[in-house]
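Structural features, examined
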Amino acid sequence: MTDARRFFEDNFTALPVADGERPEGLFTGYYEPEVEGRRTPSADYRVPILQRPDDLVGFDAAQEAAAGLRYGRLVDGEPVPYFTRKEIEQGALEGRRLAIVWLKDWADAFFIHIQGSGRVRLEDGGVVRLAYSLKSGLPYTAIGGILVDRGIFTKDEMSMQAIRGWMAGNEQQARELMWENQSFVFFREIEELDPSLGPPGAQGVPLTPQRSLAVDRSLWTYGTPVWLDTAIPETGGTGLKPFRRLMIAQDTGSAIKGAARGDVFWGSGDEAARVAGPMKSPGRMVVLLPNRLARRLAGQP
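Presented here is a report on the structure given in the accompanying data block. Source: prediction; values computed, not measured.

Let's talk about unusual backbone geometry
- Positive phi values are uncommon outside glycine, yet Asp76 reaches one of about 55°.
- Along the chain, Asp76 turns up in the loop between strand S6 (71-75) and strand S7 (78-80).
- A positive phi angle is found at Gln210, which is not glycine, with a value near 65°.
- Assessed through its relative accessible area of 27%, Gln210 is described here as partly exposed.

Some words on the pattern of salt bridges
- Per the counting criterion, the structure on display carries 14 salt bridges.
- Ionic pairing is found between Glu36 and Lys104, a salt bridge with its closest N-O pair at 3.8 Å. Taken as a pair, Glu36 in strand S3 (residues 34-38) and Lys104 in the loop between strand S8 (99-103) and helix H4 (106-115) lie far apart in primary sequence, 68 residues in all.
- With a relative accessible area of 40%, Glu36 lands in the partly exposed category.
- Judged by relative accessible area, Lys104 falls into the partly exposed class, the value being 42%.
- A salt bridge links Arg96 to Asp55; its shortest N-O distance comes to 2.9 Å. Highlighted residues: Arg96 in the loop between helix H3 (85-92) and S8 and Asp55 in the loop between strand S4 (47-50) and strand S5 (57-58), separated in sequence by 41 residues.
- Shared partners join several salt bridges into a network, and the residues in it are Glu32, Arg119 and Arg129.

Some words on the sheet that holds S6
- Within the open sheet, the three strands sit side by side as S5-S6-S7. Their pairing is antiparallel. Each of the sheet's edge strands pairs with one partner strand only, and the pair in question is S5 and S7.
- Here S6 runs beside S7; their pairing, made up of three bridges, is antiparallel. Paired with Arg73 across the strands is Val80, a residue of S7.

A word on the packing of aromatic side chains
- This structure, assessed with the given rule, holds nine aromatic pairs.
- Through successive ring pairs, a cluster of aromatic residues spans Tyr82, Phe83, Phe184 and Phe186.
- Over the ring of Phe83 we find Arg73, and its NZ or CZ is 4.1 Å from the ring centre.

What about the packing of H3 against helix H7 (residues 171-180)?
- Contact geometry for H3 and H7: axes closest at 7 Å, N-to-C directions at 120°. In terms of their interaxial angle, H3 and H7 are classed as oblique. From H3, Arg85, Lys86, Glu89 and Gln90 reach across to H7, where they touch Arg175, Met178 and Trp179.
- Its residues placed into classes, the contact of H3 with H7 shows two nonpolar, one polar and four charged.

As for H7
- All of the buried residues along H7 are Ala174, Arg175, Leu177, Met178 and Trp179.
- For H7, the elements touching its buried residues are H3, H4, helix H5 (143-149) and helix H6 (160-169).

Examining the pairing of strand S13 (residues 225-233)
- Counting buried residues in S13 gives seven out of nine residues, a clear majority hidden from the surface.
- Here S13 runs beside strand S14 (residues 240-251); their pairing, made up of nine bridges, is antiparallel. Across the sheet, residue Asp229 finds its bridge partner in S14, namely Arg244.
- Here S13 runs beside strand S17 (residues 284-290); their pairing, made up of four bridges, is antiparallel. Of the residues in S17, the one forming a bridge with Leu228 is Met285.

Here's the deal with the sheet that holds S3
- A sheet is described by the order of its strands in space; here six strands give the open sequence S4-S8-S3-S9-S10-S11, paired in mixed fashion. If you trace the sheet from one side to the other, it starts and ends with S4 and strand S11 (185-190), each paired once. Between one strand axis and the next, the sheet turns through 45° on average, direction left out of account.
- Note: strand S9 (residues 117-121) against strand S10 (residues 127-135), five bridges, orientation antiparallel. Each residue of the ladder has a partner; that of Gly118, found in S10, is Leu130.

Conventions we followed
- Throughout this description, residue numbers start from 1 for each chain and increase along the sequence as written.
- This being a predicted model, a pLDDT of at least 70 is required before a residue's local features are given, and a value of 80 or more before pairs of side-chain atoms are given or counted; all residues contribute to the totals for chains, interfaces and linings.
- The basis for every side-chain value is the complete set of heavy atoms in the structure, and neither hydrogens nor water enter the calculation.
- Counting from the N terminus, the helices are the DSSP runs of H or I reaching at least four residues and the strands are the DSSP runs of E reaching at least two.
- Here's how the labels work: a residue is buried when its accessible area is under 20% of the maximum for its type, exposed when over 50%, partly exposed in between, all with a 1.4 Å probe on protein chains only.
- The working definition used for a salt bridge is a side-chain nitrogen of Lys or Arg within 4 Å of a carboxyl oxygen of Asp or Glu.
- Note on pairing: two strands pair once DSSP finds at least 2 bridges between them.
- Within 6.5 Å between ring centres, the rings of Phe, Tyr and Trp (the latter by its six-membered ring) count as paired, and their orientation is classed by plane angle as stacked under 30 degrees, edge-to-face over 60, tilted in between.
- Our definition puts a charge over a ring when NZ of Lys or CZ of Arg is within 6 Å of the ring centre and also within 35 degrees of the ring normal.
- Helix axes are fitted to C-alpha atoms over the stretch in contact, other axes to C-alpha atoms as well, and angles between N-to-C directions run from 0 to 180 degrees.
- For this classification, under 35 degrees means roughly parallel, over 145 means roughly antiparallel, 65 to 115 means roughly perpendicular, and everything else is oblique.
- Contact between two residues is taken to exist if any of their heavy atoms lie within 4.5 Å; hydrogens are not considered.
- Ten residues, namely Ala, Val, Leu, Ile, Met, Phe, Trp, Tyr, Cys and Pro, are considered nonpolar, four, namely Asp, Glu, Lys and Arg, are considered charged, and the remaining ones, Gly among them, are considered polar.

Structure below.
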């Protein structure tokens, strides 16, 4: 620990992050869901997790400008948006044999999409690890914000657990609410990954619980050390406790926008979800830049 601390003190410059649009900062949490599933569908397991279809392509600059999207389909050589979440879940890709696993519940699948990864426990005791492959390219819509706008929850009441509870009691309305988020995530199966680590993040390395941070990729470089000073939910209570530690920027997400905005990876399963779900705290972010880079940014030799 002493050697690591001295390394950073000797070789890095600490720069507090100032965000004019969000002076207090905002720090949330995410995790790797664990659910039950099967390799083949059945009457109970009818919700597929899909791999990337071959007609979902990245557009070149001209195509992106024409479609207003980075990804989509080519129809007669012209770029068009990909199918919406509703269209896909109602059968737009049926018959293409894209399912990796099958789940019981549409809400389970939806939250694997939101988190960008998952562990699926099979009946034979095996586990399928799901990692993000690609999004459909359509805009992401936060359904929690819709519930707040409709007066179902206040901003203070909103959390992943609140959404799941509401969905459980309003199945058809929940189905329609999920379709409000047109963006759809496709996955790939990963093997031989250390079970103590998370799935690969956007940087391409496995995420480390409570050390990996998702950031705004348009502002920060992957691999940047970040000192985070915020608060997290207390165990078994409604209060908060301090959370101060060195993190590494290793991931990103559709909702992570702004300089002082971060998403802490908490690990896998219910315990990680308990902390990640309600985490929504102000805080302070300090980036550690190599001394030479910090001097150059400051206009020093």
